[in-house]
Amino acid sequence: MRRAIPFLVAIGLVAAVIVPYVALGGGSFEPTPVADPCAPRAYPEAEGLGETIERIALTAVDRVACRLGVSREELVLALRSEDAFDRFTRENGIDRTEAEQAIHDGLVQAVDEAEQDGTLPGLIAPLVRKAAESVPPWLLLETLERLGDFLPG
Amino acid sequence: MRQRSALLGLGVGLALADSSIVTLALPRILGDFDVSITSVAWVLTSFNLVLALVAVPAAYASRRKPREAFGAGVLVFAVASLACGLAPSFGVLVGARCVQAVGAGLLVTAALDLLSQVDGSDEAALRVWVAAGVAGAALGPAAGGILTQLLGWESIFLAQVPVALVLLLALRGVEARPVKAPAGRPSVPANLALLLVAGGLVAALFLVVLLLVDGWGLSPAAAGIVVTVMPLTAIGVGRFRPRSLGVVYGCVCGVILIAGGLAALALMPRAGWWWTLPPQILVGAGLGLTVGGLTELAVRGRPDQVVHGGWTLAARHAGVVLGLLLLAPVLTSALDENRDEAIRAGAAIVLDSRIPPLAKLGVAQDVLAEVDRANDAGELPDVKRALAGRADDDEDWTSLVSGLQDQLDRAVTSAFSGPFLLAAALALGALIPLAFVRRRPG
């Protein structure tokens, strides 16, 4: 029994460090997993036109990401340039035309819903819808950004 | 006598510090020579590989003519250190590191023989030799970090030249001795255990400093100070180890402590240098109990301790090479994978943040540009730099920056978890050969 004491002391010292580390979250300190785009997401109340357009864009992005089977974040990162969009479709095995169509459909649907529930003024909705239909996907976010900047808040 | 013993110990420590001393200088070397991350690791690997290969032949040369071997080793080491410090190209630097390792092999193995003469007993010589080697290897990253920050990476090598030349004073009054009886076969279990422990210790000696400097943004000097906890603990435990513990039992306890400390490094709950301290104390205690004990088991009671000392040197540095070759690709691949996860998590934080909606796209683009820049430079992204010039005194912006930094910390810290766990398993594997170790009478 006495011969086991040094081993027990060594194991005890190790446990005295590892147990508190694990209790404090050790082993799960890693990048936060992104949310499922198909699950409902609660958005804060939109104030002003800029936030309304942002909310429409985020709703659309969630919907399209769900349809394409990717995360919302991957899709947004793909929309920053044509190269990024090409890489995104290639890496995820998605047909480029299908992806472009999904994005346009998702945005138009989000605009229609926002117009119906009164969050997007009827005068502005056609402008956003026109942008959704005519602008390439990788220029959409920037176009919406400029549109929000241009219109009165 | 004591002065000569101290000089010989200094020589062993200096030469073996070179196995880890450039760890913190690697990012600067990478920048100066414009080489890839994989290539720059050869500044470390080449020294350890050549030392592992030459240690035994150098020991045979040292047992025949220790005086000459020590003198030649010191001169080769000094000239090669000078060449490292003045290297005009990366190829010359790696070549000079290989030559430096040849000098180190001769110097370190001959020092063991000379210590026996100076200290008057093989046992006392072995104690000084092991302690100096452990202290050198463990203090190497700290010394290298401080020198790199204060004077540049070249100073690491240039500073060694005068110190090495002073070592020649240790040769005064040393006489030639007759060649001893045949050395006999090496202790395979003790050397194998030493190899596995050294492989695991790579994570503690190299990866901790990389995490502190490149991962969490500490300065090389500050990181150098943080990592002195481990060698100080090792020296303390080695000095005050209870005699009643026994060498084999001490080694087993040491392996448990090293593996436990490495596992604790893999399970850090937050980013911050203070979280490395308790695991470093565990590893340091294990280092103090194990390396000296295993060297003693491999050398004591054998007819020629210089040759068997050479075998332990070869085993230790082969272990370092094994650790570097195993852990580096695991870390690189985990960093790549976690970078993509962190970008997605960062994008989620930007999209969900309360900053003005029209600024979000610009922020996302700035952060991604910083990620690309850092990736090309072999660095980790600097969130504050990416968002510099924006309204950083606003609460929403502060919250965004801290959220992004948190994701980066999570990505980096968890990327190191796999290599730390692998290193823990490697060190724990030393228990298998330890079960076959039989102690010889001293």
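Residues numbered from 1 in each chain as written. Chains lettered and ligands numbered in written order. Predicted model: local features only at pLDDT ≥ 70, side-chain atom pairs only at ≥ 80, totals over all residues. Heavy atoms only, no water.

With that settled, consider the overall build of chain A. What chain A contains, in helices and strands, is 7 helices and 0 strands. Taking 15 Å as the expected radius of gyration for a compact globule of 153 residues, we find that chain A reaches 24 Å, considerably beyond that expectation. Taken across its 153 residues, chain A has 42% of its residues classed as buried. Within chain A, contacts between residues at least 6 apart in sequence are counted, and of these 55% link residues at least 24 apart. Total accessible area computed for chain A in this model is approximately 8,300 Å², and 57% of it derives from carbon and sulfur atoms. Where the 14 positive side-chain charges of chain A centre and where its 25 negative ones centre are 10 Å apart. (Helix = DSSP H or I, 4+ residues; strand = E, 2+ residues; numbered from the N terminus. Rg over C-alpha atoms; globule rule 2.2 N^0.38 Å. Buried < 20%, exposed > 50% of the residue type's maximum accessible area, 1.4 Å probe, protein only. Contact = heavy atoms within 4.5 Å. Areas by Shrake-Rupley, 256 points an atom, 1.4 Å probe, with all protein chains shown as cover. Lys, Arg positive; Asp, Glu negative; His and termini not counted. Charge placed at Lys NZ, Arg CZ, Asp CG, Glu CD.)

Take the interface of chain B and chain A next. Interfaces are often described in size by the accessible area the parts lose on coming together. With 43 residues of chain B in contact, the opposing surface of chain A contributes 39 residues. Between chain B and chain A lies a buried interface of about 3,600 Å² when both sides are counted; carbon and sulfur atoms form 72% of it. Summed over the shared surface of chain B and chain A, the number is 1 salt bridge. For the salt bridge of D352(B) with R72(A), the shortest nitrogen-to-oxygen distance reads 3.2 Å. Our count for the chain B to chain A interface comes out at 5 residue pairs in polar contact (both at pLDDT 80 or more). (Buried area = accessible area lost by both parts, 1.4 Å probe. Salt bridge = Lys/Arg side-chain N within 4 Å of Asp/Glu carboxyl O. Polar contact = N/O pair within 3.5 Å; in protein donor to acceptor, adjacent residues only side chain to side chain.)

At a minimum axis separation of 9 Å, helix α1 (residues 5-23) of chain A and helix α13 (residues 247-266) of chain B run at an interaxial angle of 5 degrees. Regarding the angle of α1(A) to α13(B), the classification is roughly parallel. Contacts from P6(A), F7(A), A10(A), I11(A), L13(A), V14(A), V17(A), I18(A) and Y21(A) of α1(A) reach α13(B) at Y249(B), V252(B), C253(B), I256(B), L257(B), G260(B), A263(B) and A264(B). Here the contact of α1(A) with α13(B) is composed, by residue class, of 16 nonpolar, 1 polar and no charged. (Axes fitted to C-alpha atoms, helices over the stretch in contact; angles between N-to-C directions. Parallel < 35°, antiparallel > 145°, perpendicular 65-115°, else oblique. Nonpolar A, V, L, I, M, F, W, Y, C, P; charged D, E, K, R; others polar.)

Moving on to the state of the cysteines. In protein structure, a disulfide is the covalent linkage between the sulfur atoms of two cysteines. Residue and element names in this part refer to chain B. Applying the stated rule across the entire model yields 1 disulfide over all chains. For the unlinked cysteine C98, the closest cysteine sulfur is that of C84, found at 9.2 Å. Given the relative accessible area of 24%, C98 is considered partly exposed. Of all cysteine sulfurs, the one in C251 lies closest to C253, which takes part in no disulfide; the gap is 9.4 Å. (Disulfide = S-S within 2.5 Å.)

This part covers the environment of R96(A). Residues and elements named next belong to chain A. Along the chain, R96 turns up in helix α5 (residues 96-116). For R96, a relative accessible area of 26% puts it in the partly exposed group. Residues R96 and D86 lie 10 residues apart in sequence; the distance between their C-alpha atoms is 7.4 Å. Beyond its immediate sequence surroundings of up to four residues, R96 is in contact with E82, F85, D86, T89 and W138. Side chain to side chain, R96 and E82 meet in a polar contact 3.2 Å long.

Turning our attention to unusual backbone geometry. Residue and element names in this part refer to chain B. Even without being glycine, D34 reaches a positive phi, approximately 55 degrees. Mapped onto the elements of the fold, D34 is located in the loop between α2 (26-33) and α3 (37-40). Classification of D34 by relative accessible area gives exposed; the value is 69%.

Taking 1.5 Å as the rise per residue, α13(B) with 20 residues should run 28 Å; its terminal C-alpha atoms sit 29 Å apart, in good agreement. Across the 20 residues of α13(B), 18 count as buried, placing the element largely inside the fold. (Expected span 1.5 Å × (residues − 1).)

To continue, consider the packing of aromatic side chains. The full count for this structure, using the stated rule, is 8 aromatic pairs over all chains. Three or more aromatic residues joined by ring pairs make a cluster, and in this case those are F33(B), F90(B), W153(B) and F157(B). (Phe/Tyr/Trp six-rings, centres within 6.5 Å; stacked < 30°, edge-to-face > 60°.)

Attention now moves to the packing of helix α5 (residues 66-85) of chain B against helix α6 (residues 90-119) of chain B. Residues and elements named next belong to chain B. Where α5 contacts α6, the two axes come as close as 7 Å, and the packing angle between them is 155 degrees. Comparing the axis directions of α5 and α6 gives the class roughly antiparallel. Between α5 and α6 lies a crossing of left-handed hand. (Left-handed = near helix turned anticlockwise from the far one by under 90°.)

This brings us to the nonpolar core. Among the nonpolar cores identified, the biggest contains 138 residues, and I29(B), F70(B), L93(B), L262(B), F420(B) and L434(B) are the most heavily contacted of them. Discounting residues that sit within four places of it in the chain, L262(B) has contacts with G200(B), A203(B), A204(B), V283(B), F420(B), A423(B), A424(B) and A427(B). Residues L79(A), F88(A), A99(A) and V108(A) belong to the second largest nonpolar core, which totals 37 residues. (Core = buried A, V, L, I, M, F, W, Y, C linked by side-chain atoms within 4.5 Å.)

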